[in-house]
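Examination of the molecular architecture
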Amino acid sequence: MIEFHDKSIIELYVNGDLKTVAARPADTLLFILRESLGLTGTKNSCGNGDCNSCTVLLDGWPVKSCLMLAVEAVGHEITTIEGLQDVPMQKAFVEKSAIQCGYCTPGMIINSHALTTIYPDASDEIIEEWLESNICRCTGYKEICEAVKSVINM
Amino acid sequence: MESRLAIGKNVIRVDAHDKAAGRTKYNSDVTDPSLLHCKMIVSQYAHANIKSIDTSEAMTAPGVQRVITGEIAQGILTGTFVEDRPPLAIGKVRYHGEPIAVVIANTELEAKRGAELVKIEYEPLPVLNSPSDSMKPNAFLVHENLANYRKMKECTPQPGTNIANNVRIRKGDMIKGWEESEVIVEEYLYLPQADHIALETRSVKAEIKPDGNIIIHSSTQGPYIIRKKLSRHFNIDTGKITVHTPMVGGAFGGKAAVQLEMIAYLASKAVGGREVILINTREEDMISSPCRIGLEASVKLGATKDGKIKAAQITYLVDCGAYSDMGAVMTKSIASDCTGPYNIENVYCDSLCVYTNHPYVTSFRGFGHSEYTAAIERTIDKLAKALNMDKIQLRLKNIAIPGDTTPTCSTLTKSNIGDLKKCLETLKVKLKWEEGEKVDINKDTVKCKGISCFWKTSSTPPNAASGAIITFSPDGFAHLSIGAVELGQGTKTAMAQILAERLKVDIKRVKVSMEINTSDNPEHWKTVASSTTYMVGNAVIEAADDVICQIKDISAIVLRCSPKDLEVSGGKVFLIDNPEKWIDITEVVHGYKYPNGNSIGGQIIGRGSFIMKHLSGMDENTGRGNPGPLWTVGAQGVEVLFNKKEYSYKIINAVSVIDAGTIINPIVASGVTMGGMSMGLSLASREAFIYDNNGIILNPNLRSYKPIRVDEEPEYIIEFIETPEVDGPFGARGLGEHGLVGMPAALINCLSTAAEKDLNRFPLTPELIWKTK
């Protein structure tokens, strides 16, 4: 006998591909990205919108995927860290030694990449304001700021 | 100095590219639908009898396979020095957040829903909310059975009290010390527990194979310790246990604890050995899993009028929470370095590990040193004030130098202790000390400076050991297998540099094993104590030398000379006196084949091992012993703008001058040091568990427990003094923890000067400064 659960089939446009997944209304975008699509580059750390480790881009703007429902993302263009391929920000993070344990890195790079795309001439104040959302427990944030500035000055 | 290929160079981290691409797999980055999911049910009380646990409804919930409680491990108690902790609480809970039961279900959601259906009836009990409360004569006992617990030889619990370990330092003659003292100062300092907040929360997978082999995947600093502990507590051969550890997303000491591994093992066992996964939520990671120690310190120092410290009497009450685990070990580590880096002839110290109804603790970056250093350095500042002496001058007059002895009577040599004098003198310049400690900026604002010195040794077990194995790919890439975990500290990169340097090859031709498999990689004690570069680095050098020796032996036959006529460099083997004559190492690392097909040699496999030497335990009555091979020393300072009206402040500069011996990778060393400084300032200025009167932690999440963010960061100035350590690889000393150690002390000293108050509590919030009389 077939039993129907509270899952629906939804289509998500992720990293340039249209993906079909079964999701509950209460499933977060973070959960679906990681568990259903295997995109584990997006990290869970606080599950509460406090640390920004789970940041992805929605139509080019950073969002906390732990606070967004997967169904809300339908019809939008989602970019995860796996969708960024050798963008200048990734190179800058490597070269400026802005990575230690690497766990905050996907969220940090996604947010920084969006920042420099939206504000190619961002001032130090704007950079600080944007990066305030992300917690990094390993660095003193200095190399991360240097990486972002190096992309702005390119 | 000879020119170097890799050591001292700003080599790009070997793990950076994958991390930047989001392709690095951490322990919980798995999407295997065959996994069963565990959800813990944790205590809502800090101290209570468990009257009943009703799992019947949960057991019948959709997808739930089993619910386990403490009964499943009846009689098993775990710990490090004292075995006092059941894997899951039985009969009683002793801290808020203590794991009581686990629901094992097909999916994460079903496990969570099942967990909501487990009904626990508690009978609340009074709580001990601070170490000093636990020390009161009429205090109840957190552990009535302390006398019956298994314990290690070096630990001295006091049955009938709440003391899990009592470490004594008795050095010199206190009567003489006080007699010679013309000025005496005293200080009390309180520091609450806090948390590591590694961005990756702890997680474990566990499976028991049909043949009895146990497979654990853990986000840990101690894969080899997990193997030992599972073997000890569940009576399994270590040979049957394999622990896998991939890249770890930050640890800071917190992942040296073995806790979830035992729970996950029990869960797997309860479901017929199927593979289960247990991932901490942020809240569980903060309070259910172990946190940072709290400390209450009383320090009394006596000195002559010209500033020579003659006597130190110290009591440290370590808040280890409800179970002693690494708290008891840190109590010992704190005792061994209890005075800070000063030469004091007469020392009397009691370092006590005290049970409370707080979350239990484990190692935290600095292993107790940042906590006690705040107490010592605060007292030194007070002494300077009493003597009317410059604070740097007073420190210079008392710093430990070669020939002096530590509190445990270890003799310091030019090699085993760095050059603290040079650190302090450099700090003086970098912090612009001559500008004055306190300068008025305007009516409300003052600019202030504060300083601290520190030292730290490893406190490793005397038999801590490491290994390294080198093999080659057919095209001559060197593959290095080690047991050190990458936590972000750059250990894989440092080891690649050491090997490249020794083999004299480009670092691109060296590959280091990134993940750990305890059955395949040679054991490294634990990736803790800033000891990995020292220990594993030495094993790598020995393995490299072994490889070079084997390459020369085979090449000597081919080149018809003696091995001593040859040199290995750049992937070639040369005749020293005729470099025109050489063969490529690819011709020998997998056996040399003559033109007619005859072959000699076989594949070259290098082995290296390292074990600590001359270390010993501490004497029970005096503390005499040798706790570590070397001390890293440093001087740190901060500069703050303080608003006298609002008691608010902005840290503008933070300076570290550390003698870490030879720096293997300057950009990584300075990044790790800066991270330590940032963490130290964050802890000191804002981080603490807030307990209510019932011992409930009110801020177990990152919304209300707020680590430092980018906008609050000061400018960082980092200088290294490089006094080589004779036994260290290329002269390196430990460095991973040290950026943190003196930062809280420097900040509390700075703000005490700024506010003209004797601050003696953390965290240093404006409210606390305002409240302090």
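Residues numbered from 1 in each chain as written. Chains lettered and ligands numbered in written order. Predicted model: local features only at pLDDT ≥ 70, side-chain atom pairs only at ≥ 80, totals over all residues. Heavy atoms only, no water.

1. Points about the sheet that holds strand β10 (residues 183-191) of chain B
Residue and element names in this part refer to chain B. Inclusion rule: At least two bridges found by DSSP between two strands is the condition for calling them paired. Note on conventions: DSSP H or I runs of at least 4 residues are helices, E runs of at least 2 residues are strands, and numbering of each starts at the N terminus. Axis lines are fitted through C-alpha atoms, for helices just across the contact stretch, and the angle between N-to-C directions can take any value from 0 to 180 degrees.
Strand order across the open sheet formed by 5 strands is β9-β17-β16-β15-β10, with mixed pairing between neighbours. Looking at strand neighbours, the two that pair on one side only are β9 (163-171) and β10, the edges of this open sheet. Direction aside, the axes of adjacent strands within the sheet are offset by 5° on average.

2. Here's the deal with the pairing of strand β26 (residues 578-584) of chain B
Residue and element names in this part refer to chain B. Here 4 bridges tie strand β25 (residues 572-575) to β26, and the two strands are oriented antiparallel to one another. Paired with Leu575 across the bridge in β26 is Asn578. Hairpin connection between β25 and β26: a loop of 2 residues separates the two successive antiparallel strands.

3. Some details on the domain arrangement of chain A
Residues and elements named next belong to chain A. Quick note on the threshold: For every domain, the bounds stem from an assignment made automatically or drawn from a database. In what follows, a contact means two residues having at least one pair of non-hydrogen atoms within 4.5 Å. Defined in terms of a 1.4 Å probe, buried area is the accessible area two parts forfeit on being brought together, summed over both. Any carboxyl oxygen of Asp or Glu within 4 Å of a side-chain nitrogen of Lys or Arg constitutes a salt bridge here.
Along its sequence, chain A is carved into domain 1 (8-81) and domain 2 (84-152). Between the C-alpha centres of domain 1 and domain 2 there is a distance of 21 Å. Taken together, the contact between domain 1 and domain 2 spans 18 residues of the former and 15 residues of the latter. A combined buried area of about 1,400 Å² lies between domain 1 and domain 2, and 65% of that area is made up of carbon and sulfur atoms. Counting the surface domain 1 buries against domain 2, the share from its top three residues, Lys43, Asn52 and Ile81, is 36%. The tally of links between domain 1 and domain 2 comes to 0 salt bridges.

4. What to know about empty space enclosed by the protein
Residues and elements named next belong to chain B. What counts, and what does not: Throughout, the protein atoms alone are placed on a 1 Å grid, and a set of points is a cavity if a 1.4 Å probe fits but cannot get out or a pocket if it is open with protein on both sides within 12 Å along at least five of seven lines; lining residues have an atom within 4 Å of a point. Grid points are joined across faces, edges and corners, and a volume is the space filled by probe spheres set on the points. Classification used: nonpolar for Ala, Val, Leu, Ile, Met, Phe, Trp, Tyr, Cys and Pro, charged for Asp, Glu, Lys and Arg, polar for all others including Gly.
Scanning all chains against the criterion turns up 10 cavities of 30 Å³ or more. For the largest cavity, the calculated volume is near 90 Å³. Lining the largest cavity are 14 residues, with Ser458, Ala529, Ser530, Ser531 and Leu630 positioned closest to its centre. Class assignment for the residues of the lining of the largest cavity results in 5 nonpolar, 7 polar and 2 charged. Of the residues that make up the lining of the largest cavity, three or more belong to each of domain 2 (294-460 + 615-771) and domain 3 (464-611).

5. Points about the domain arrangement of chain B
How big an interface is tends to be reported as the loss of accessible area on association of its parts. Residue and element names in this part refer to chain B. Quick note on the threshold: Under this definition, polar contacts are N or O atom pairs within 3.5 Å; protein pairs additionally need one hydrogen-donor-capable and one acceptor-capable atom, and for neighbouring residues in sequence, both atoms have to be side-chain atoms.
Once the domains are mapped, chain B shows domain 1 (36-125 + 202-279), domain 2 (294-460 + 615-771) and domain 3 (464-611). Taking only C-alpha atoms into account, the centre of domain 1 sits 36 Å from that of domain 2. Of all residues in domain 1, the largest losses of buried area upon contact with domain 2 belong to Phe81, His96 and Phe252, amounting jointly to 31% of the total for that side. At the junction of domain 1 with domain 2, the criterion picks out 1 salt bridge. The partner of Asp325 in a salt bridge is Arg85, and the shortest N-O contact between them spans 3.9 Å. Here domain 1 is connected to domain 2 by 9 residue pairs in polar contact (both at pLDDT 80 or more). Grouping the amino acids of the side of domain 1 that touches domain 2 by side-chain chemistry returns 9 nonpolar, 8 polar and 5 charged.

6. Points about the nonpolar core
Residues and elements named next belong to chain B. Our working definition: In this text, buried Ala, Val, Leu, Ile, Met, Phe, Trp, Tyr and Cys residues form a nonpolar core when linked through side-chain atoms within 4.5 Å. For the exposure calls, accessible area comes from a 1.4 Å probe over protein chains only, and a residue counts as buried if that area is under 20% of its type's maximum, exposed if over 50%, partly exposed in between.
In terms of nonpolar packing, the biggest core is built from 166 residues, with Tyr316, Val638 and Leu747 touching the most fellow members. In terms of residue count, helix α17 (residues 743-755) provides more of this core than any other element does, 9 residues in total. In this structure Leu747 touches Val638, Val640, Tyr649, Ile651, Leu681, Ala684, Ser685 and Leu764, once residues within four positions along its chain are discounted. In this structure, Ile236, Ala270, Ile470 and Leu559 belong to the second largest nonpolar core, which totals 92 residues.

7. A few points about the pattern of salt bridges
The tally for this structure, following the rule as stated, stands at 52 salt bridges over all chains. With its nearest N and O atoms 2.9 Å apart, the salt bridge here joins Arg24(A) to Asp27(A). When its relative accessible area of 5% is taken as the criterion, Asp27(A) is described as buried. Note that Arg170(B) and Asp350(B) form a salt bridge whose closest N and O atoms lie 2.9 Å from each other. Of this pair, Arg170(B) sits in strand β9 while Asp350(B) sits in strand β17 (residues 346-355); the two residues are 180 residues apart in sequence, bridging distant segments of the chain. The class of Arg170(B) is partly exposed, set by a relative accessible area of 23%. Salt bridges linked by common partners bring Glu377(B), Asp381(B), Lys391(B), Arg395(B) and Glu437(B) together as one network.

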